[in-house]
Amino acid sequence: MALRPAHVILKAVDAPAVGRFWAEALGWSAYSPGVTTYVGPAGGLVWPDPVAVGVDVVPVPEPRTAAKNRLHLDLATTSTSHQAELVARLKSLGATPADVGQGDVPWTVLADPEGNEFCVLEPREAYRDTGPIARMAVDCADPRAMARFWGEAMDWTLHEVTGERAVLRSAKGVGPYLEFLRTPGVKSAPDRVHLDLLPYPGDDEAAEVARLRALGATDLDVGQGDVPWTCLTDPEGHEFCVLAPS
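Because the structure is predicted, anything quoted here is derived from the model rather than measured. For every chain, the first residue of the written sequence is number 1, and numbering continues from 1 onward in sequence order. Local features in this predicted model are restricted to residues whose pLDDT is 70 or higher, and side-chain atom pairs enter the listing and the counts only when it is 80 or higher, whereas totals over whole chains, interfaces and linings include all residues. To get the side-chain values, all heavy atoms of the structure are used, and hydrogens and water are removed first.

Caption draft 1: Fine view of the layout of surface pockets. Buriedness for pockets is judged along seven lines, at least five of which must meet protein on both sides within 12 Å for an open set on the 1 Å grid over protein atoms alone, while cavities are sets there where a 1.4 Å probe fits but cannot get out, and lining residues have an atom within 4 Å of a point. Grid points are joined across faces, edges and corners, and a volume is the space filled by probe spheres set on the points. In this structure, the largest pocket spans a volume of roughly 930 Å³. The helix count covers DSSP runs of H or I at least four residues long, the strand count covers runs of E at least two residues long, and both are numbered beginning at the N terminus. Of all the secondary structure elements, the ones that give two or more residues to the lining of the largest pocket are β1 (3-12), β4 (54-59), β13 (193-199) and β16 (239-242). Polarity classes work like this: nonpolar for Ala, Val, Leu, Ile, Met, Phe, Trp, Tyr, Cys and Pro, charged for Asp, Glu, Lys and Arg, and polar for all others, with Gly in that last group. For the lining of the largest pocket, the per-class residue count stands at 22 nonpolar, 9 polar and 8 charged.

In structure tokens:
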């Protein structure tokens, strides 16, 4: 039994507009299978076995209020010129420079049209084959504890764990990394960005949820009502959902 990330949920007041931004940013396509705007590689959302970790933009009535999202995307580049060109293109699409206290660093911190931070990384060998999303970076207090929980929750391989960060990636060696980075501060608002996890075809959602609870996950009520997915938090309060595989 195991789970894998299906997509990154991003809440937005104008979900179609934010979805279009991310489709342009990633070189992917935006689809509207329902009330959300799904962004993924050409070919659409293949369910229940998606071909990539996509971005699903969910409409909400409330604008963002938190000082900084605890989960953000880092985009990969192949050269310094590619990095500069991508930053310029993203700004032309509506991205704005963001200051999260990064100081003098070789990457560029931007925000999407609704203020969600993301980074355009300088070229790094580790991310040369990830596709447009290099990593999903998560602020945390204890990377080792996150490695224990998420390493058991998912079938992804643990590549590194220290007091400063924990790094996981699909056992197939494809797609983005999931990295937990030790960061000061505590949760101050509901998560605007979170992961959705998906059982493999034939696996049982309820059994997976029970397994996660035994690992330390806690049930979460965000007013979701009667839905076919389960909302949980990990031991540090990061919100995530377990989807039904059908």
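Caption draft 2: Layout of the packing of helix α3 (residues 143-153) against helix α4 (residues 205-215). For the pair α3 and α4, interaxial distance at closest approach is 10 Å and the crossing angle is 160°. It follows from the interaxial angle that α3 and α4 lie roughly antiparallel. At the point where α3 passes α4, the crossing takes the right-handed sense. Residues Phe-149, Glu-152 and Ala-153 of α3 touch α4, and the partners they reach there are Arg-211, Leu-212 and Leu-215. A per-class count over the contact of α3 with α4 returns 4 nonpolar, no polar and 2 charged. Geometry is summarised by axes, namely lines fitted to C-alpha atoms with helices restricted to the contacting stretch, and by angles between N-to-C directions that run from 0 to 180 degrees. Orientation categories follow fixed angle ranges, with anything under 35 degrees roughly parallel, anything over 145 roughly antiparallel, 65 to 115 roughly perpendicular, and all other angles oblique. Helix crossings are classified by the rotation of the near helix relative to the far one: an anticlockwise turn of less than a right angle makes the crossing left-handed, while a clockwise turn makes it right-handed. Residues are treated as being in contact if the distance between any of their heavy atoms lies within 4.5 Å.

Caption draft 3: Spatial organisation of empty space enclosed by the protein. Applying the stated criterion across every chain yields a total of 2 cavities of 30 Å³ or more. Roughly 90 Å³ of volume is contained in the largest cavity. Residue lining of the largest cavity: Arg-70, Leu-71, Val-138, Trp-150, Phe-180, Asp-191, Val-193, His-194, Leu-195, His-238 and Glu-239, and that is the complete set. Looking at the lining of the largest cavity element by element, the count peaks at 3 residues for β13. Of the residues that constitute the lining of the largest cavity, the class distribution is 6 nonpolar, 2 polar and 3 charged. Its boundaries defined by the atoms lining it, the second largest cavity holds a volume of some 50 Å³. Lining the second largest cavity, in full, are Val-8, Leu-10, Trp-22, Leu-71, His-72, Leu-73, Asn-116, Glu-117, Phe-118 and Val-193. Contributing elements (two or more residues each) for the lining of the second largest cavity: β1, β5 (71-75) and β8 (117-120).

Caption draft 4: Region of interest: the pattern of salt bridges. Salt bridge, as used here, is a side-chain nitrogen of Lys or Arg placed within 4 Å of a carboxyl oxygen of Asp or Glu. Tallied over the full model, the rule gives 13 salt bridges. In this structure, Arg-124 and Glu-122 form a salt bridge, with 2.9 Å as the shortest nitrogen-oxygen distance. On the basis of relative accessible area, Glu-122 is assigned to the buried category, the value being 17%. A network of salt bridges, in which partner residues are shared, links Asp-74, Arg-135, Glu-160, Arg-165 and Glu-179. When accessible area is computed with a 1.4 Å probe and restricted to protein chains, residues below 20% of their type maximum are described as buried, those above 50% as exposed, and intermediate ones as partly exposed.

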